[in-house]
Amino acid sequence: MTFDTAVFEVNKLSYMINGSEIIKDISLVIQKGEYAAVIGPNGGGKTTLIRLLLGLEKQSSGEIKLFGQRQKAFKSWNKIGYVPQRVSQIDQYFPATVEEVVKMGRTAKRGLFTRESQEDKDAVVAAMSKMDVTNLKNKLVGELSGGQRQRVMIARALASEPEVLILDEPNTGVDMVSQNRFYTLLRELNKEDGMTIIFITHDVGVIADDIQTMLCINQTLLACDNPHEVLSCDEMSKLYGIDAHLVHHHHH
């Protein structure tokens, strides 16, 4: 039996800022191909946790491994696509076309000054097609709707052909129809392409059927379990003010 190396392995992670503990003694493992939702109250440390995983913040104590390597030694950052918060609210005067924005995701992989190869071009085309934005490629990003922008930013993350996609509440300011379409796209990436997905969200009900793991973060890690069971319990509702019956609107 072979064990795949975990994508993220976190051991006793803590993060303090100005003497207050934002994250306290969190240990978790995210396996290859997993679809994990991260939930918790605002200010509970969800985004901080992700930023620590990505090396954008430095932990106060604890260890982070990525693909089996200690974070300090890890170099293959192109394996991780990251879509930060509020991507759909990009400046409307941002003077770049959809295609240019998606290409930016590719530059990360090859470095700024290397020439674009056929492989780069193919990856950009594939990412645009997967997120269904090919027909928008010459449009300026500022002219798009929130839902279209969201798909463009995910295409940008996919252009580097990552193995992991991390999304931080990407649905802010996006209409329902676009959201549902987006969840379907994520499910396909996870199921068909075997992509590991970590999704920070408030509305876990809509993806409850897709996720395998739920990480409830409120400074510490509260539960990491079957989403259906976790969600049906009253403590969750009390802790997070999450409407626990959400989990019953299955979308099959």
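Here is what the cut-offs are and how they apply
Residues numbered from 1 in each chain as written. Predicted model: local features only at pLDDT ≥ 70, side-chain atom pairs only at ≥ 80, totals over all residues. Heavy atoms only, no water. pLDDT = per-residue confidence, 0-100. Contact = heavy atoms within 4.5 Å. Helix = DSSP H or I, 4+ residues; strand = E, 2+ residues; numbered from the N terminus. Expected span 1.5 Å × (residues − 1). Buried < 20%, exposed > 50% of the residue type's maximum accessible area, 1.4 Å probe, protein only. Arc of directions from axis to C-beta. Salt bridge = Lys/Arg side-chain N within 4 Å of Asp/Glu carboxyl O. Core = buried A, V, L, I, M, F, W, Y, C linked by side-chain atoms within 4.5 Å.

1. Brief notes about the confidence of the model for the chain
In step 1: In the predicted model, the chain carries a mean pLDDT of 81, and 78% of its residues have values of at least 70.
In step 2: Predicted confidence is poor over residues 242–252, with pLDDT under 50, and the contacts of this stretch with residues over four places away or in other chains come to 23 contacts.

2. Considerations on helix H3 (residues 118–130)
In step 1: Spanning 13 residues, H3 covers 18 Å between terminal C-alpha atoms, matching the ideal 18 Å at 1.5 Å per step.
In step 2: Along H3, the residues that are buried comprise Asp120, Ala123, Val124, Ala127 and Met128. Axial view of H3: buried residues confined to an arc of 130°, hence all on one face. Turned more than 90 degrees off the buried face of H3, the exposed positions are Gln118 and Glu119.

3. A word on helix H5 (residues 176–193)
One full turn of an α-helix is made of 3.6 residues, so residues set three or four places apart face in the same direction.
In step 1: Here H5 is 18 residues long and its end C-alpha atoms lie 25 Å apart, about the 26 Å a rise of 1.5 Å per residue gives.
In step 2: Turning to H5, its buried residues number three or more, namely Ser178, Gln179, Phe182, Tyr183, Leu185, Leu186, Leu189 and Asn190. Each buried residue of H5 sits inside an arc of 160° when the element is viewed along its axis, so together they form one side. Every exposed residue of H5 that faces more than 90 degrees away from the buried side is listed here: Val177, Lys191 and Glu192.
In step 3: Lining the buried residues of H5 we find strand S3 (35–39), H3, helix H4 (146–159), strand S7 (164–168) and strand S8 (196–200).
In step 4: Directly beyond the C-terminal end of H5, a positive phi value near 65° is found at Gly194.

4. Examining the pattern of salt bridges
In step 1: This model, assessed by the stated rule, comprises 10 salt bridges.
In step 2: Salt bridges sharing partners connect three or more residues here, namely Arg106, Glu119, Asp120 and Glu161.

5. With respect to the nonpolar core
Where a protein is soluble and globular, its nonpolar side chains tend to be buried together.
In step 1: Grouped together as the largest cluster of nonpolar side chains are 37 residues, with contacts concentrated most on Val102, Leu165, Leu167, Leu186 and Phe199.
In step 2: If one sorts the elements of this core by residue count, H4 sits on top with 7 residues.
In step 3: Filtering out sequence-adjacent residues up to four positions away, Leu186 remains in contact with Tyr35, Leu165, Leu167, Ile197 and Phe199.
In step 4: Val10, Ile50, Val164 and Ile198 belong to the second-largest nonpolar core, a separate cluster that totals 27 residues.

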